[in-house]
Amino acid sequence: AYEISTRDWSSDVCSSDLSVEGAKKNLDKEASGKTFAQLRKTATDKWNKELSRIEVVDKDAQNKTIFYTSLYHTAIVPNINMDVDGQYRGRDGKIHHAEGFDYYSVFSLWDTYRAAHPLYSIIDRKRTLDYIKTFLTQYQQGGLLPVWELSSNETNCMIGYHSIPVIVDAYMKGIRDFDLQLALQAMLASANENKSSLQAMKQKGLISVEDDHESVSKTLEYAYDDYCIAIYAKSNGNMAVYDSFIKRAMSYKNLLDPETQCMRPRKNGGWILPFDPREVNNHFTEANSWQYSFYVPQDINGLIDDLGGVDAFESRLDALFNAPSKTTGREQSDITGLIGQYAHGNEPSHHIAYLYNYTHHPQKTQ
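Residues numbered from 1 in each chain as written. Predicted model: local features only at pLDDT ≥ 70, side-chain atom pairs only at ≥ 80, totals over all residues. Heavy atoms only, no water.

Trainee: Hey, could you run me through the overall build of the chain in this one?
Mentor: Helix and strand counts for the chain come out as 14 helices and 17 strands. In summary, the chain has a C-alpha radius of gyration of 23 Å against a globular reference of 21 Å for 366 residues, a match within 12%. Looking at the chain as a whole, 48% of its 366 residues qualify as buried. Across the chain, contacts joining residues at least 24 apart in sequence account for 60% of those joining residues at least 6 apart. Surface summary for the chain: the accessible area is close to 17800 Å², and the carbon and sulfur share equals 51%. When the 38 positive and 48 negative side-chain charges of the chain are each reduced to one mean point, those points stand 2 Å apart. (Helix = DSSP H or I, 4+ residues; strand = E, 2+ residues; numbered from the N terminus. Rg over C-alpha atoms; globule rule 2.2 N^0.38 Å. Buried < 20%, exposed > 50% of the residue type's maximum accessible area, 1.4 Å probe, protein only. Contact = heavy atoms within 4.5 Å. Areas by Shrake-Rupley, 256 points an atom, 1.4 Å probe, with all protein chains shown as cover. Lys, Arg positive; Asp, Glu negative; His and termini not counted. Charge placed at Lys NZ, Arg CZ, Asp CG, Glu CD.)

Trainee: I would appreciate a short explanation of the packing of aromatic side chains in the present structure.
Mentor: Here a ring pair, both rings aromatic, is described through the centre-centre distance and the interplanar angle of the planes. Within this structure, the stated rule accounts for 16 aromatic pairs. Pairing Phe-107 with Phe-135 gives two aromatic rings, centres 4.9 Å apart and planes at 75°, and the pair type is edge-to-face. Pair noted here: Phe-107 is in strand 7 (residues 107–108) and Phe-135 is in helix 6 (residues 125–142), with a separation of 28 residues, a long-range link. For the pair formed by Phe-107 and Phe-135, the shared burial category is buried. Cluster of aromatic residues (ring-pair linked, three or more members): Tyr-104, Phe-107, Tyr-120, Tyr-131 and Phe-135. Over the ring of Trp-110 we find Arg-114; its NZ or CZ atom is 4.6 Å from the centre of that ring. (Phe/Tyr/Trp six-rings, centres within 6.5 Å; stacked < 30°, edge-to-face > 60°. Lys NZ or Arg CZ within 6 Å of the ring centre and 35° of its normal.)

Trainee: I'm lost on the packing of helix 5 (residues 116–123) against helix 6 in this one. Help?
Mentor: For any two helices packed against each other, one specifies the inter-axial angle together with the distance between the axes. Relative to each other, helix 5 and helix 6 sit at 125°, their axes nearing to 6 Å. One finds that helix 5 runs oblique with respect to helix 6. For the pair helix 5 and helix 6, the contacting residues are His-117, Tyr-120, Ser-121, Ile-122 and Ile-123 in the first and Arg-125, Thr-128 and Tyr-131 in the second. A breakdown of the residues in the contact of helix 5 with helix 6 according to their chemical character gives four nonpolar, three polar and one charged. (Axes fitted to C-alpha atoms, helices over the stretch in contact; angles between N-to-C directions. Parallel < 35°, antiparallel > 145°, perpendicular 65-115°, else oblique. Nonpolar A, V, L, I, M, F, W, Y, C, P; charged D, E, K, R; others polar.)

Trainee: Before we go on, may I ask you to explain unusual backbone geometry in this structure?
Mentor: Negative phi values dominate among residues other than glycine, just as trans dominates among peptide bonds. Across the junction of Val-77 and Pro-78, the peptide omega takes the value 0°, indicating a cis bond. Inspection of the secondary structure assignment puts Pro-78 in the loop between helix 3 (61–74) and strand 3 (79–80). Between Leu-273 and Pro-274 the backbone carries a cis peptide bond, its omega angle lying at -10°. Secondary-structure assignment places Pro-274 in the loop between strand 13 (270–271) and strand 14 (279–280). Even without glycine at this site, Ser-151 takes up a positive phi of about 50°. Here Ser-151 falls in the buried class, since its relative accessible area comes to 19%.

Trainee: Please explain the pattern of salt bridges as it appears in this structure.
Mentor: Charged atoms that come close allow side chains of opposite charge to pair. Under the defined criterion, the tally for this structure stands at 21 salt bridges. Across the pair Lys-204 and Glu-210 runs a salt bridge whose closest N-O atoms are separated by 3.9 Å. According to the relative accessible area criterion, Lys-204 is partly exposed, its value standing at 37%. (Salt bridge = Lys/Arg side-chain N within 4 Å of Asp/Glu carboxyl O.)

Trainee: I'm lost on helix 7 (residues 163–172) in this one. Help?
Mentor: The element helix 7 is largely enclosed, with a buried count of eight among its ten residues. Taken as a whole, helix 7 has its buried residues at Ser-163, Ile-164, Pro-165, Val-166, Ile-167, Val-168, Ala-170 and Tyr-171. Against the buried residues of helix 7 lie helix 4 (109–112), helix 5, helix 6, helix 8 (180–191) and helix 10 (215–235). Remark: Gly-174 follows helix 7 within two positions and exhibits a positive phi of approximately 90°.

Spatial relationships are all this shows, so hold off on functional conclusions.
This is the structure in structure tokens:
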């Protein structure tokens, strides 16, 4: 629980994840002797500096407002989660001291590995490095890389082990001032965790309905993360790990039904029946088969070949966007902004429009 220190409830409030004394130190460092007006100006200056990472030239003030509001939203979290003296509470519940990096919290990685973290690795390389060092520290203190971390606690509320693509994306962009071998060790620990879904991935090359819920989404997202492990291992000269994980990265092929051209849940070796690609059910994470059938970012050209070539792939994309917008099955509040069966308002669909860049008509992306 956070401890809160106040000098005067009408003016100064500060928090610490550790103690009242920590909150007092934070308050003294950040607010001592400053008026409200001075603190407000400091906050304004800091946000102006933060948002100036990208300069937009546009005569339309509304466009600029929309853009910078969105950029502001990307900077709300993750948050520094340590006191001004560098002390923080680790994944093991003990108090540690961050040496040479800022310790962060609030990693909603299923939401952010797709676009937010790749943006950070371009416009905020210093923080990206601190995020990675935080991941590795949490692995050392808790045994696994974070999945959906909050205040040094693992919530495990989403799927995948998506701190891995964050690390690998940064590495491929030249952000490498972290322990490279420790990073691979941490990746392997998460990918080989002793739980039924991962055991099935290793033994059968897919997750079936009898292995775990959300089996289709988990198979596909684990496969992408495994691809990231493979290319990271290859870049670091570990071909044994590469060979193992590049095979796991191709697990998506075991869920692609050639007859329906959809990713389908499997049970006891067969396809589960009945099947409706519009149905929102327990086999997918905040989505349906229409939306997850295009989730193969590690092997788009392979997916194109499996669907019959570029023209057939484009027709399949067209069918997604032109399908009736009504879903079936359970109500899922996260699935919003439907254009056909493309859900603009939720993460599993966000990359799909850009797949037209792999067709003869990339202008459709617009």
